[in-house]
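Spelled out, the chains give:
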Amino acid sequence: NPVLHLSGIEKTYNEGTPGEIRVLRGANLQIARGEVFALVAPSGSGKSTLLHIAGLLDTADAGQVAINGQDMGALSDRRRTAARRNEVGFIYQFHHLLPEFTAMENIVLPQLANGVGDKAARDHAMDLMARVGVDTRATHRPAELSGGEQQRVAFCRALANRPALLLADEPTGNLDPDTADTVFNALMELVRDTGLSALIATHNLELAARMDRTLRLDAGVIV
Ligand code: ADP
Ligand code: ADP
């Protein structure tokens with residue numbers, strides 16, 4: 001089974017009003033284990049909408065989302081929420097770390113919420129931070145970190161619960177080009193090491209070229 005299988009995804013905003021926008025018109029996508037795909041398209045073409053539907057943060061008007069062969073539409077709300085927490089990691093353009101907690105705590109908290117013990121959660125957080133070079137920043141709060149460090153901590157948090165699928169929306173879009181390059185390399189290494197499948201929306205064609213395949217969203221379908 002593919003890790004992510006989208007079939008016939010349709011999404012319209014403001015249906016039946018003058019502001020109606022048909023964003024997705026039958027989008028299909030399969031990502032196998034370990035595959036990393038870039039999603040490249042102009043602003044407003046529906047990248048965020050597609051990522052939110054794939055990550056179970058939003059629902060489609062029609063079509064199917066299956067993760068690891070399981071039809072997410074067939075699950076109860078409770079089981080779908082559990083699937084989102086366990087199977088999907090999200091990274092956004094802005095880090096969205098909790099400001100009052102340290103880097104370590106930001107990575108530990110989602111694990112505790114998932115029933116992992118404190119010691120195991122801390123060890124795993126430290127391992128992730130070491131792999132992207134922010135382990136020396138473990139006790140710092142987000143405001144004390146540089147932009148690149150904040151984003152690397154956000155990567156660790158996204159991977160804390162060992163998801164099968166990583167969804168990223170312009171993960172380095174807020175960084176200057178040099179920092180973006182370094183931080184993107186760290187992300188790719190982490191993804192490759194853990195055998196994750198990933199869908200990464202980016203405007204940066206150079207970064208896209210380093211992934212397994214580049215997908216485009218054109219008039220609501222993936223090409
Ligand atoms: P992208 O990520 O490619 O910039 P989005 O998925 O954010 O595209 O948006 C696609 C289109 O849908 C845009 O025209 C946007 O304005 C519109 N849109 C997105 N979210 C909503 C919403 N909640 N309500 C109405 N329109 C929306
Ligand atoms: P960048 O060049 O990546 O923007 P900064 O100049 O923001 O980096 O920060 C350089 C280093 O100083 C980083 O390692 C960062 O963690 C550290 N640093 C920045 N601000 C603080 C702070 N208020 N407290 C502790 N460390 C900080």
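Residues numbered from 1 in each chain as written. Chains lettered and ligands numbered in written order. Predicted model: local features only at pLDDT ≥ 70, side-chain atom pairs only at ≥ 80, totals over all residues. Heavy atoms only, no water.

J.: So what's going on with a negative patch on the surface? Residues and values would help.
T.: Taken together, the side chains of Glu10, Glu15, Glu20 and Asp61 make up a negatively charged region of the molecular surface. Within the element layout of this structure, Asp61 appears in the loop between α1 (47-54) and β4 (62-67). According to the relative accessible area criterion, Asp61 is partly exposed, its value standing at 46%. (Patch = residues over 30% accessible without salt bridge, like charges linked within 9 Å, V, L, I, M, F, W, Y side chains within 5 Å. Areas by Shrake-Rupley, 256 points an atom, 1.4 Å probe, with all protein chains shown as cover. Salt bridge = Lys/Arg side-chain N within 4 Å of Asp/Glu carboxyl O. Lys, Arg positive; Asp, Glu negative; His and termini not counted. Charge placed at Lys NZ, Arg CZ, Asp CG, Glu CD. Helix = DSSP H or I, 4+ residues; strand = E, 2+ residues; numbered from the N terminus. Buried < 20%, exposed > 50% of the residue type's maximum accessible area, 1.4 Å probe, protein only.)

J.: How would you sum up the site of ligand 1? Please name residues and give values.
T.: Ligand 1 sits among Tyr13, Asn14, Ile21, Val23, Pro42, Ser43, Gly44, Ser45, Gly46, Lys47, Ser48 and Thr49. One of the backbone nitrogen or oxygen atoms of Gly46 is found 3.0 Å away from an oxygen atom of ligand 1. With respect to ligand 1, the side chain of Ser48 contributes an N or O atom lying 2.8 Å from an oxygen atom. Within the complex, the protein chains bury 61% of what would otherwise be the 560 Å² of accessible surface of ligand 1. Of all elements in the fold, only β2 (21-31) and α1 reach the threshold of two or more residues within the shell around ligand 1. Considering each element in turn, the shell around ligand 1 owes the most residues, three residues, to α1. Across the shell around ligand 1, the residue classes tally to four nonpolar, seven polar and one charged. (Near = heavy atom within 4 Å. Polar contact = N/O pair within 3.5 Å; in protein donor to acceptor, adjacent residues only side chain to side chain. Nonpolar A, V, L, I, M, F, W, Y, C, P; charged D, E, K, R; others polar.)

J.: Tell me about a nonpolar patch on the surface, and please be specific about residues and values.
T.: Where nonpolar side chains cluster on the molecular surface, the patch consists of Leu98, Leu109 and Leu112 and spans about 210 Å² of accessible area. In this structure, Leu98 sits in the loop between β6 (88-91) and α3 (103-113).

J.: Residues and numbers for the site of ligand 2, please.
T.: The immediate surroundings of ligand 2 are formed by Arg137, His140, Glu144, Leu145, Ser146 and Glu149. Take Ser146: an N or O atom from its side chain is 3.3 Å from an oxygen atom of ligand 2. One of the side-chain N or O atoms of Glu149 is found 2.5 Å from an oxygen atom in ligand 2. In the complex, the protein chains occlude 38% of the 560 Å² of accessible area that ligand 2 would expose alone.

J.: Residues and numbers for the sheet that holds β2, please.
T.: A sheet is described by the order of its strands in space; here four strands give the open sequence β2-β1-β4-β5, paired in antiparallel fashion. A strand with exactly one partner marks an edge of an open sheet, and here the two such strands are β2 and β5 (70-71). Relative to β2, strand β1 (residues 4-13) is paired through eight bridges, and the arrangement is antiparallel. Residue pairing in the sheet places Thr12 in a bridge with Arg22 of β2. Here α1 sits on the sheet in contact with β1, β2 and β4, set at roughly 125° to β1. (Pairing = 2+ DSSP bridges. Contact = heavy atoms within 4.5 Å. Axes fitted to C-alpha atoms, helices over the stretch in contact; angles between N-to-C directions.)

J.: Tell me about the pattern of salt bridges, residues and numbers included.
T.: Counting across every chain of the model gives eight salt bridges. Between Arg137 and Glu149 there is a salt bridge whose closest N-O contact spans 3.1 Å. Of the two residues, Arg137 sits in the loop between α4 (118-131) and α5 (147-159) while Glu149 sits in helix α5, which places them twelve residues apart along the sequence. For Glu149, a relative accessible area of 15% corresponds to the buried category.

J.: Hey, could you go over unusual backbone geometry for me, with residue numbers and the actual values?
T.: Even without a glycine there, the phi angle at His96 is positive, about 55°. Examined against the element boundaries, His96 turns out to sit in the loop between β6 and α3. A positive phi angle is found at Glu170, which is not glycine, with a value near 50°. Mapped onto the elements, Glu170 comes out in the loop between β7 (165-169) and α6 (177-194). For Glu170, a relative accessible area of 12% translates into the label buried.

J.: If you had to explain the pairing of β1 to someone new, which residues and values would you point to?
T.: Relative to β4, β1 runs antiparallel, the two being bridged by five bridges. Bridge pairing in β4 places His5 opposite Ala66.

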